[in-house]
Amino acid sequence: MISKIGVIGAGQMGTGICHVFALAGFDVTLTDVSEDALERGMSVIARNMDRQVTRGRITEADRDAGLARIRAGMGVSRFADRDLVIEAATEDEAVKKKILVALCPELNAHCVVASNTSSISITRLGAVTDRPGKFIGMHFMNPVPLMKLVELIRGIATDEETYQLVRVVAEKLNKTPVPAEDFPAFIVNRLLMPMINEAVYTLYEGVGSVESIDAAMRLGANHPMGPLELADFVGLDTVLAIVQVLHDGLADTKYRPCPLLVKYVEAGWLGRKTGRGFYDYSGEAPVPTR
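Residues numbered from 1 in each chain as written. Predicted model: local features only at pLDDT ≥ 70, side-chain atom pairs only at ≥ 80, totals over all residues. Heavy atoms only, no water.

Student: What exactly am I supposed to notice about a positive patch on the surface here?
Tutor: A contiguous patch of positive charge, built from R47, R51, R55 and R57, is present on the exposed surface. Assignment of secondary structure puts R57 in the loop between α2 (35–54) and α3 (60–68). (Patch = residues over 30% accessible without salt bridge, like charges linked within 9 Å, V, L, I, M, F, W, Y side chains within 5 Å. Areas by Shrake-Rupley, 256 points an atom, 1.4 Å probe, with all protein chains shown as cover. Salt bridge = Lys/Arg side-chain N within 4 Å of Asp/Glu carboxyl O. Lys, Arg positive; Asp, Glu negative; His and termini not counted. Charge placed at Lys NZ, Arg CZ, Asp CG, Glu CD. Helix = DSSP H or I, 4+ residues; strand = E, 2+ residues; numbered from the N terminus.)

Okay, here's the thing in structure tokens:
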């Protein structure tokens, strides 16, 4: 039975994962590389739970109980009693492997380890651990408290028992688990990121402006958010990293990252989190940057 959860990474995804586990009654431990990151992460969780209270989705008692279930602190040694640890660090294979190598010696023998990676091979990540049979991909969608889907990805060594345990956990979060094979970017991002990359090419080639591309897909395809607005929300560095995984892993030129996307990332224009991407977020309303 899984009741004690560890989360590595207090960024956008890690805080969302903590949020849903805590509200679902799990005991949660959160860690990151700095105390400042942990403080920011806990503030985000509290703010988002407050928003749910305001909108009538949870009660004040739910919020208070949820926040009380989360303990934040430095160091993976805090995970010695955990049943499931979820790595939610930046989408960089080398970083994730370094974290996993340091993590595993601190865990008890029955602990399952999951990665929230959105594109990287679960087989390769699991191979650096001491428990590839107990390693699985558990890819939450952003924003985690709102999105119902969790992709569950088995590496070549993942045990059936591990998959079934994590599937039950996802259902306890009121999420819908969907199995995906361990191919680059899995299901959602295999389809979504090439669309975003093509939208950037459409902008790069002058077929449409930022506003016209986003309006066309909102109104013509009934998407809730245009592809360039969505790219800013996800983070252009994350989009580029996933497109590069697709390009490298599948060796197909159709996944070649658009040079304009590369240029934006090189400029540090990463979207909402930096205040500038395909839109400028410094004013009252977002303004296209091209």
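Student: Hey, could you run me through the nonpolar core in this one?
Tutor: Nonpolar side chains tend toward joint burial in soluble globular proteins. With 35 residues, the main nonpolar core has I5, F21, V28, L84, I86, M138 and F140 as its most contacted residues. Residue contributions to this core peak at 6 residues, all from helix α1 (residues 12–23). In contact with L84, not counting residues within four places along its chain, are I2, K4, I5, G6, F21, C111, V112, A114 and V169. In this structure, A199, V200, I213 and Y279 belong to the second largest nonpolar core, which totals 28 residues. (Core = buried A, V, L, I, M, F, W, Y, C linked by side-chain atoms within 4.5 Å. Buried < 20%, exposed > 50% of the residue type's maximum accessible area, 1.4 Å probe, protein only. Contact = heavy atoms within 4.5 Å.)

Student: What is the right way to read the domain arrangement of the protein chain from this model?
Tutor: Accessible area lost during the coming together of the parts is what is often quoted as the interface size. By the assigned domains, the protein chain splits into domain 1 (4–181) and domain 2 (190–288). The distance between the C-alpha centroids of domain 1 and domain 2 comes to 27 Å. Domain 1 puts 7 residues into the contact, and the matching count from domain 2 is 5 residues. Around 470 Å² of area is buried between domain 1 and domain 2 when both sides are counted, 63% of it from carbon and sulfur atoms. Inspection of the domain 1/domain 2 interface yields 0 salt bridges. Seen at the junction of domain 1 and domain 2, the total is 0 residue pairs in polar contact (both at pLDDT 80 or more). (Domains from an automatic or database assignment. Buried area = accessible area lost by both parts, 1.4 Å probe. Polar contact = N/O pair within 3.5 Å; in protein donor to acceptor, adjacent residues only side chain to side chain.)

Student: Honestly, the sheet that holds strand β6 (residues 135–140) in this entry has me stumped. Any pointers?
Tutor: Sheet strands associate in pairs through backbone hydrogen bonding, adopting either a parallel or an antiparallel arrangement. On the basis of which strands lie adjacent, the open sheet formed by 8 strands has the order β3-β2-β1-β4-β5-β6-β7-β8 and mixed pairing. The strands lining the two open edges of the sheet, one partner per strand, are β3 (70–72) and β8 (176–180). Going across the sheet, the axis of each strand differs from the next one's by a mean of 25°, ignoring polarity. By the bridge criterion, 4 bridges tie strand β1 (residues 4–8) to strand β4 (residues 84–87) in an arrangement that is parallel. Residue pairing for β4: I5 is matched across the bridge by L84. Most of the contacts of α2 go to β3, to which it runs at about 160°, and overall it touches β2 (27–31) and β3. Sheet strands in contact with helix α4 (residues 93–103) are β1, β4, β5 (112–115) and β6, and its direction is about 155° off that of β4. (Pairing = 2+ DSSP bridges. Axes fitted to C-alpha atoms, helices over the stretch in contact; angles between N-to-C directions.)

Student: Help me understand unusual backbone geometry, please; the structure alone is not making it clear to me.
Tutor: The general pattern is negative phi for most residues beyond glycine and trans for most peptide bonds. Going from N142 to P143, the amide bond is cis rather than trans, its omega being 0°. Tracing the backbone through its elements, the reader meets P143 in the loop between β6 and β7 (149–154). A positive phi is found at N174, a non-glycine position, where the angle reads about 65°. Relative to the helices and strands, N174 is located in the loop between α6 (160–172) and β8. Phi angles above zero are rare outside glycine, and F186 is one such case at about 60°.

Student: Teacher, can you tell me more about the UniProt feature "binding site: NAD(+)" (unreviewed entry) in the protein chain here?
Tutor: Mapped onto this structure's residue numbering, the UniProt feature "binding site: NAD(+)" (unreviewed entry) falls at G9, A10, G11, Q12, M13, G14, D32, E91, K96, S118, N142 and K273. Tracing the backbone shows Q12 in helix α1. Dropping the residues within four chain positions of it, Q12 is found in contact with N142, F233 and V234. With respect to the helices and strands, the residue K96 is situated in helix α4. Setting aside chain neighbours within four positions, we find K96 in contact with E87, A89, T90, E91, S115, T117, I120 and L125. A distance of 2.5 Å separates the side chain of K96 from the side chain of E87, its partner in a polar contact. (UniProt positions renumbered as here; feature names shortened; annotations may be inferred.)

Student: Can you help me understand α1 in this one?
Tutor: Residue pairs three or four apart in sequence face the same way in an α-helix, which turns once every 3.6 residues. End to end, α1 covers 17 Å across 12 residues, agreeing with the expected 16 Å (1.5 Å per residue, within 8%). Here α1 lies mainly inside the structure; 10 of its 12 residues are buried. Here α1 has its buried residues at M13, G14, T15, G16, I17, C18, H19, V20, F21 and A22. A positive phi of about 100° marks G25, the residue just after α1. (Expected span 1.5 Å × (residues − 1).)

Student: Is there a simple way to explain the packing of aromatic side chains in this structure?
Tutor: The description of an aromatic ring pair rests on the distance of the ring centres and on the angle between the ring planes. Counted under the stated rule, the structure contains 6 aromatic pairs. Arranged with centres 6.4 Å apart and planes meeting at 65°, the rings of F21 and F140 form a pair that is edge-to-face. Within this pair, whereas F21 is found in helix α1, its partner F140 is found in strand β6, the two being separated by 119 residues in sequence. Given a relative accessible area of 1%, F140 falls into the buried group. One aromatic cluster is present, built from ring pairs that chain together F21, F26 and F140. (Phe/Tyr/Trp six-rings, centres within 6.5 Å; stacked < 30°, edge-to-face > 60°.)

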